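# Coordinate inspection notes
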Amino acid sequence: MTKRSFALHSTNKLLSHHLRFTVASRTHSTCTSWNTQLRELTKNGNYQECLDLYRQMLRSGASPNAFTFPVALKSCAVLSLPISGTQLHSHVIKTGCNSEPFVQTGLISLYGKCCFIEDARQLFDESPHSQKLTVCYNALVSGYTRNNQFQSGYELFRQMRFLGVRVDAVTILGLIPGCTDPGNLKFAESLHCFVAKSGLDNDFCVGNCLLTMYVRCNSNELARKFFDNIPVKELATWNAMISGYAQNGYATEALELYSKFESSGMEPNPITLVGVLSSCAHLGAQRIGMNIEKKIQTSSYKHNIFLNNALINMYARCGNLVKAQELFDTLTEKNLVSWTAIIGGYGMHGQGETAVHLFNEMIRANIRPDGPVFVSVLSACSHAGLTDLGLGYFNTMKVNHGLNPGPEHYSCVVDLLGRAGRLGDAHNIINTMPMEPDGAVWGALLGACKIHKNVDLAELAFDHVIRLEPKNIGYYVLLSNLYTEVNNMEGILRVRVMMRDRRLRKGPGYSYFEHKGRAHVFIAGDMNHPESEEIYVMLDRLDDLVNVSSRGENGFVHSERLAIAFALLSTEIGEEIVVIKNLRVCGDCHLFIKLVSKVVDRRFVVRDPTRFHHFKDGVCSCKDYW
């Protein structure tokens, strides 16, 4: 007996007193006014009120009909009420409305949305009417996609075409969300061709769905090409492309597109601005983020929790923790994302004690932690060297909060132990993981081995990590740098040969400093800046002061040194300098910035891909572990 049939059997007796008057009370058989009220409630999103009114309708003696059930079933589906839905199904059967197309569609949709997809399919298969109707196919296709059974949904789509059942825009809208894996890109392109040949790509919703499909398949080139060919772009179209760029790490492209969006004269909504703020956080583009904040403060959505959380994250990742904390303190409603943003911010800045204090405060506020916030607090403990405290939090995940640690949590613990020099313990943790270690876990061990110069364990970690992530060039660079530090020329040559054979090249490092609303970008050996001559004179002066040469073996000056020299030329004495770098800071530059921070009495904040380095008085917040 299926869950549906069991529920029907158990509720029939309970419902019989509602339905015994169906035949006897024909004077109440007309229910047009009730149906009108029910439709109005669902139209305005008042789904619970719709079900309450339906019960009132039954008590009044009115008999529901084929126009009543679709709205009531929709309300159950939206509210995810499978028991109430099965009760309604009993009503449908007893009133003889089960063969009505829109009632059938409502039932199939209900079971699909409530995760009873097998029962939805049983309903479909049992009705000869369903197998001829587009609306019923659409409900089941959408149900399969919603329940992560895309292949079954696709087979049903093929059945539609084979039987000659009409495919419409709703069919496509139900199927496309299943094509969101990069491995499905070829199929996604084929589906797009079918849509174009069918003339369905002119539908605005289908067009936006196709755009989102390409974005989620990580094919930004195809997404942008499709976007550019859309003749009339609505707000949702812009949002899909901007958010897609932001989510896939194309922050520069997202901000450039937002600039075009502003030029078009359209007004953004919270979805637009969350994508832009995310890109500002990624790039460290605080000036643009500040302009967005001003726009938010003068808008009707200045209290939007998602926007405020995005602002906190943006300021924290742009190096302005004071502003991030100020925004956090002014929130009237702090949800889990708010706490995660501020805890993660302090963790990135090496202020683990403050991050831990905030995490404990969150627990006292009865906010239930989840996996991501534990990643933030574990990472904060790792960056601050709070080994025992971090291990304690890791152990409480399951015991106190019922959370099973994932690979991302084990990666933090490996990093935590590695920072403390406990490489054997870190390796043991990996060997006892309940799941297969991923690249990040082995990468954390490799990084720790590089810091502590453990070549044998580093080679073991490297063998594992390049099997999992063969094209991640960062791991090759880590091992090569370790070989360099221990003067293992054979090892360096072996890594270079591997990189050459796999056609891997280290991307160019760049750093930038934001000044008066403009980002000044530098690459190693850069001579293109208008003030290059003054910058190199400043570097020579700094070299003399700290007794360290800025020129590397190839004669080039690394990008972060150029950015710092320009910043010193461009800012007032005593002003904090924030530099954003796309790659990890090398050891020589790390030492150089420490020495400069002491002789010029300035605070330098350098952000690399994983953390902030606060340099002051010759000391870095990372305690020389990065």
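Since this is a predicted model, take the numbers as computed values, not measurements. (Residues numbered from 1 in each chain as written. Predicted model: local features only at pLDDT ≥ 70, side-chain atom pairs only at ≥ 80, totals over all residues. Heavy atoms only, no water.)

## Description of the sheet that holds strand β6 (residues 619-620)
Here we have six strands laid out as an open sheet, ordered β2-β1-β3-β4-β5-β6, and mixed in their pairing. Each edge of the open sheet carries a strand with a single partner, namely β2 (518-523) and β6. Along the sheet, helix α32 (residues 559-570) makes contact with β1 (510-515), β2, β3 (577-581) and β4 (604-607), crossing β1 at roughly 15°. (Pairing = 2+ DSSP bridges. Helix = DSSP H or I, 4+ residues; strand = E, 2+ residues; numbered from the N terminus. Contact = heavy atoms within 4.5 Å. Axes fitted to C-alpha atoms, helices over the stretch in contact; angles between N-to-C directions.)

## Quick look at helix α14 (residues 220-228)
For α14, the complete set of buried residues consists of N220, A223, R224, F226 and F227. Buried residues along α14 cover an arc of 160° about the axis, so they all sit on one side. With respect to the buried face of α14, the exposed residues turned more than 90 degrees away are E221 and K225. Where the residues of α14 are buried, they touch α12 (185-197), α13 (204-216), α15 (235-247) and α16 (251-263). (Buried < 20%, exposed > 50% of the residue type's maximum accessible area, 1.4 Å probe, protein only. Arc of directions from axis to C-beta.)

## Some points on the side chain of S621
Position of S621 among the secondary structure elements: in the segment after β6. According to the relative accessible area criterion, S621 is buried, its value standing at 18%. Among residues more than four places away in sequence, those in contact with S621 are H349, R611, F612, H613 and H614.

## Structural notes on the UniProt feature "repeat: PPR" (unreviewed entry) in the chain
Mapped onto this numbering, the UniProt entry annotates "repeat: PPR" (unreviewed entry) at residues 30-64, 133-167, 234-268 and 335-369. This span, residues 133-167, is 77% helix and 0% strand, and a straight line between its end C-alpha atoms measures 10 Å. Taken as a whole, residues 335-369 contains 74% helix and 0% strand, while its terminal C-alpha atoms sit 10 Å from one another. (UniProt positions renumbered as here; feature names shortened; annotations may be inferred.)

## Focus on the environment of T134
Examined against the element boundaries, T134 turns out to sit in helix α9 (residues 134-146). In this structure the C-alpha to C-alpha distance between T134 and V170, which are 36 residues apart in sequence, comes to 9.1 Å. Setting aside its immediate chain neighbours within four residues, T134 contacts M160, V165, R166, D168 and T171.

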